[in-house]
Amino acid sequence: MACDASTLVMRHAPDGRVLDVGRKTRTISPAIRRALTARDHHCQFSGCAARHYDAHHVRHWADGGTTRLDNLVLLCRHHHRAVHEKGFTLQVDTNGEARFFRPDGRLLPAVPPQPQWHGERLDEDWAISVLWEPRTQEQQPPNTSAETSRVH
């Protein structure tokens, strides 16, 4: 039996959280999927909060990427296709945060996920206070002053 057996290592954090469950195949086990969902909660693409997602290998399986928690991120179908077919790339930094890059190699800025809307009325005062930012003198269009371009 020992000749045909194999081992599967499961690593835990000091507080008992599962950090990694080793795999021999690219198929994501239920245990890894649960740990990945608990870690990521939603699509990790900048600004996306989709809760229907795929598990994506950061380093592709065909290139030697392992099916381990530190090599996986959650991506919705749209952003999963963007990575595989549209030239977007991603890296996971030392803190485990995914950073995405445009097809031309420029870093895609981090954007917080959009809040979920449940049909309630828009608080216009709050929206304007968050979105409106007065222009500085340097941001004024040419040949205008701050006083003449201000809406009263």
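Located above this text is the structure these notes cover.
Note that the structure is predicted; figures quoted are calculated from it, not measured.

> Explanation requested: the pattern of salt bridges in the structure shown.
Under the counting rule described, the total for this entry stands at four salt bridges. The salt bridge partner of Asp40 is Arg39, with a shortest N-O separation of 2.7 Å. Using a relative accessible area of 34% as the deciding quantity, one classes Arg39 as partly exposed. The shortest N-O distance in the salt bridge between Arg77 and Asp54 comes to 2.8 Å. Taken together, the residues Arg77 in helix 2 (residues 77-85) and Asp54 in strand 3 (residues 54-57) connect sequence positions 23 residues apart. Judged by its relative accessible area of 16%, Asp54 falls in the buried class.

> Would you explain unusual backbone geometry in this entry?
The backbone of His41 shows a phi angle near 70°, a positive value even though the residue is not glycine. Its place among the elements puts His41 in the loop between helix 1 (30-40) and strand 3.

> For this particular structure, what's the right way to read the layout of surface pockets?
One water molecule sets the probe size; rolling that probe over the atoms shows where empty space is left. Looking at the largest pocket, its volume works out to about 420 Å³. Around the largest pocket sit 19 residues that line it, and Leu19, Arg39, Leu69, Asp70 and Gly96 are the ones nearest its centre. Every element with two or more residues in the lining of the largest pocket is listed here: strand 2 (18-21), helix 1 and strand 4 (72-75). Counted as a void, the second largest pocket has a volume near 270 Å³. Gln44, Ser46, Glu97, Ala98 and Ala110 are the residues nearest the centre of the second largest pocket, which is lined by 17 residues in total.

> I keep staring at the pairing of strand 5 (residues 89-92) and nothing clicks. Help me out?
Note on strand geometry: in a regular strand, side chains alternate between the two faces of the sheet. Inspection of the sheet shows strand 5 paired to strand 6 (residues 98-101) by four bridges, in the antiparallel sense. Along strand 6, the bridge assignment pairs Val92 with Ala98.

Scoring rules and cut-offs
- Residues numbered from 1 in each chain as written.
- Predicted model: local features only at pLDDT ≥ 70, side-chain atom pairs only at ≥ 80, totals over all residues.
- Heavy atoms only, no water.
- Salt bridge = Lys/Arg side-chain N within 4 Å of Asp/Glu carboxyl O.
- Buried < 20%, exposed > 50% of the residue type's maximum accessible area, 1.4 Å probe, protein only.
- Helix = DSSP H or I, 4+ residues; strand = E, 2+ residues; numbered from the N terminus.
- 1 Å grid on protein atoms, 1.4 Å probe; cavity = no way out; pocket = protein on both sides within 12 Å on 5 of 7 lines; lining within 4 Å.
- Points joined across faces, edges and corners; volume = space filled by probe spheres on them.
- Pairing = 2+ DSSP bridges.

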